[in-house]
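Examining the three-dimensional arrangement
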Amino acid sequence: MALPPLVEPAAELSIDEIRRYSRHLIIPDVGMDGQKRLKNAKVLVVGAGGLGSPALLYLAAAGVGTLGIVDFDTVDESNLQRQVIHGVSDVGRPKAESAAASIAEINPLVNVVIHNTALDRDNVKEIFSQYDLIVDGTDNFATRYMVNDAAVLLGKPYVWGSIYRFDGQASVFWEEHGPCYRCLYPEPPPPGMVPSCAEGGVLGVLCASIGSIQVNEAIKLITGIGEPLVGKLMVYDALEMEYRKIRVRKDPNCALCGDNPTVTDLLEDYEDFCGAVSDEAQEATLDATITARELKDWQDAGKDVFLVDVREPAEYEINRIPGSVLIPKGEILSGEALSRFPQDRQIVLHCKSGVRSAEALAAIKAAGFKDAVHVQGGIVSWVNTVDPSQPSY
Ligand SMILES: [Zn+2]
């Protein structure tokens, strides 16, 4: 289904602009009219990370007149494997600022608006309302649902993308013409079921594959050319090198855009809606959580601790807490590894950030190890507070 252009054309292009965009101008479908629409367009990119990096670079190069960047994070060394808009000299700098500097180098004609803030329910509508189109490059479910809800409530189209290891997905959600994200995914996945890229990893170049689809769709929407991915989900498998297009219908029972919506404004708390950990895990950690510093004190005091790292082998290769034994969470949840746990020692579980170890703790306690505890903040906290000489990831 072709759609009319989202943006009206700018009055004219300058001589500089005509020179710069000549390879667009000679494509009949884009032409002077399409380039003027790009010039007049205001696009907001949520997140200057894996997807935001290629998206911002190509939107800027394409001549989108106003580019907004929302990001509250700073550049970390572990970002550079995929977030190509940032460089070595940007480590420690706010991502939004670093991205703006790269854009100025590629195309100084772009007006960049920096939102160096975390998107939340109090600012999301006000920020979105300043733009024609949103490109969603967020990496967590709480923000993803909030972006969707705000876009639907404001009647804005947005281009969504998601990546994990070798798999990517992309679509265009525009309530007026098709389904929304909640039509496709009515409920967030159970906590702990779907790891983030920070927990599970992502092939760096996958960001470019999905980010470029997002930019492609943004350009089509702005200029009104081609068939946008409205009502269609693009699924990419980098290992098989396969792209599949799946039809997605508007769900009449959608809580947000259905016939009898139950969600009529932004939720009070999206973190709560998506649940960082399950109720069982949350309950298991009550009075059974220690800090990395407390673990170190126990070890130094010679306490008989059975320290279990519930991460995956590849993560254990990167860093580990001295004295730990690797037993991945899956083997604990399946019951397979329970016989390895001693009855007479203090059991301490840890993972990367404390989410997986909380899930494992619930299973261990249910198996009768009532005194078991887990480490708040996992090995990330250990590296930060006890042993900064270890690499982090
Ligand atoms: Zn919907």
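Residues numbered from 1 in each chain as written. Predicted model: local features only at pLDDT ≥ 70, side-chain atom pairs only at ≥ 80, totals over all residues. Heavy atoms only, no water.

What counts, and what does not: UniProt positions are given in the numbering used here, feature names are shortened, and annotations may be inferred rather than shown by experiment.
By the naming in an unreviewed UniProt entry, the protein goes by Probable adenylyltransferase/sulfurtransferase MoeZ and is assigned to Paractinoplanes atraurantiacus. The protein has a UniProt comment under Subcellular location (unreviewed entry) that states "Membrane".

**Regarding the overall build of the protein**
Quick reminder of the rule: Only DSSP runs of H or I with at least four residues qualify as helices, and only runs of E with at least two residues qualify as strands; both kinds are numbered from the N terminus onward. For each residue, the accessible area found with a 1.4 Å probe, counting protein chains only, is set against the maximum for its type, and the residue is called buried under 20%, exposed over 50%, and partly exposed in between. It only takes one pair of heavy atoms within 4.5 Å for two residues to be counted as in contact.
In terms of helices and strands, the protein carries 17 helices and 13 strands. Across its three principal axes, the protein shows a C-alpha extent of roughly 80 × 50 × 40 Å. When the 393 residues of the protein are sorted by exposure, 51% land in the buried category. Long-range contacts, defined as pairs at least 24 residues apart, comprise 69% of the intrachain contacts of the protein with a sequence gap of at least 6.

**A short note on the sheet that holds strand β11 (residues 325-326)**
To keep it simple, the criterion reads: Strands pair, by our definition, only if DSSP identifies at least two bridges between them.
Spatially, five strands are ordered β9-β13-β12-β10-β11 in an open sheet, and the strand pairing comes out parallel. Every other strand in the sheet has two partners, leaving β9 (289-290) and β11 as the edge strands with one partner each. Bridge count between strand β10 (residues 305-309) and β11: two bridges; the pairing is parallel. Across the sheet, D309 pairs through a bridge with L326, a residue of β11.

**Topic: the packing of helix α3 (residues 31-40) against helix α10 (residues 204-223)**
Stated precisely, the cut-off is as follows: Between N-to-C directions, angles span 0 to 180 degrees; the directions come from axes that are lines fitted to C-alpha atoms, helices contributing only their stretch in contact. Orientation labels follow simple angle bins: below 35 degrees gives roughly parallel, above 145 gives roughly antiparallel, 65 to 115 gives roughly perpendicular, and whatever is left gives oblique. When residues are sorted by character, Ala, Val, Leu, Ile, Met, Phe, Trp, Tyr, Cys and Pro go into the nonpolar class, Asp, Glu, Lys and Arg into the charged class, and all the rest, Gly among them, into the polar class.
Remark: α3 packs on α10, axes separated minimally by 9 Å, with the N-to-C direction vectors making an angle of 105°. Relative to α10, the element α3 is oriented roughly perpendicular. Contacts between α3 and α10 involve G34, R37 and L38 from the former and I219, I222 and T223 from the latter. Taken together, the residues of the contact of α3 with α10 sort by class into three nonpolar, two polar and one charged.

**Digging into the domain arrangement of the protein**
The condition that has to hold: Domain limits in this description derive from either an automatic procedure or a database domain assignment. Throughout, buried area stands for the accessible area (probe radius 1.4 Å) lost by two parts on being put together, summed over both. A carboxyl oxygen of Asp or Glu within 4 Å of a side-chain nitrogen of Lys or Arg is what we treat as a salt bridge. Here a polar contact is recorded for every N or O atom pair within 3.5 Å, except that within protein the pair must consist of a potential hydrogen donor and a potential acceptor, and residues adjacent in sequence are included only if both atoms are side-chain atoms.
Domain assignment breaks the protein into domain 1 (15-274) and domain 2 (279-386). Placing a centre on the C-alpha atoms of domain 1 and another on those of domain 2 gives a separation of 36 Å. Every contact between the two is made by four residues of domain 1 and, on the other side, six residues of domain 2. For the domain 1 and domain 2 pair, buried surface summed over both sides reaches about 430 Å², with 28% attributable to carbon and sulfur atoms. Our enumeration of links across domain 1 and domain 2 arrives at zero salt bridges. The interface formed by domain 1 and domain 2 contains zero residue pairs in polar contact (both at pLDDT 80 or more).

**Concerning the pattern of salt bridges**
Overall, the coordinates contain 15 salt bridges when judged by the stated rule. A salt bridge links K125 to D265; its shortest N-O distance comes to 3.0 Å. With a gap of 140 residues between them, K125 in helix α6 (residues 124-128) and D265 in the loop between β8 (242-247) and α11 (270-274) connect regions that are remote in the sequence. Between E217 and K220 there is a salt bridge, with the nearest N and O atoms lying 2.8 Å from each other. Residue E217 and its partner K220 are located together in helix α10, separated by three residues, close to a single helical turn.

**Regarding the pairing of strand β1 (residues 42-46)**
To keep it simple, the criterion reads: For a crossover, the right-handed case is the one in which the path from the first strand over the helix to the second runs clockwise, viewed with the strands pointing away from the viewer.
Within β1, four of the five residues are buried, which leaves the element mostly enclosed by the surrounding structure. Since β1 and strand β2 (residues 66-70) lie parallel, the crossover through helix α4 (residues 52-62) that links them has a hand, and here it is right-handed.

**Section: the UniProt feature "domain: Rhodanese" (unreviewed entry) in the protein**
According to UniProt, the positions carrying the feature "domain: Rhodanese" (unreviewed entry) are residues 301-391. The straight-line gap between the two end C-alpha atoms of residues 301-391 is 25 Å; of that span, 34% is helix and 16% is strand.

**What about the state of the cysteines?**
Stated formally: Defined by distance alone, a disulfide is two cysteine sulfur atoms within 2.5 Å.
By the definition in use, this model includes zero disulfides. This cysteine, C274, is not joined by any disulfide, and C180 carries the nearest cysteine sulfur, 14 Å off.

**Points about the coordination of the zinc ion**
Which entries qualify depends on this criterion: Because water is not among the atoms used, a metal site may look incomplete, as its donors are only the N, O and S atoms within 2.8 Å, or 3.2 Å for Na, K and Ca. Each label reflects the angles at the metal, where four donors whose angles all fall between 85 and 135 degrees are tetrahedral, four or six donors whose opposite pairs open beyond 155 degrees and whose other angles stay between 65 and 115 are square planar or octahedral respectively, and the rest are irregular.
For the zinc ion, the protein coordination sphere consists of C180 (SG), C183 (SG), C254 (SG) and C257 (SG), at 2.3 Å. Coordination at the zinc ion comes from four donor atoms whose angles at the metal span 93 to 120°, giving a geometry best classed as tetrahedral. Mapped onto the sequence, the donors of the zinc ion take the spacing C-x2-C-x70-C-x2-C. Taken as a pair, C180 in the loop between β6 (167-173) and α8 (181-184) and C254 in the loop between β8 and α11 lie far apart in primary sequence, 74 residues in all. As far as the burial class goes, C180 and C254 line up, both buried.

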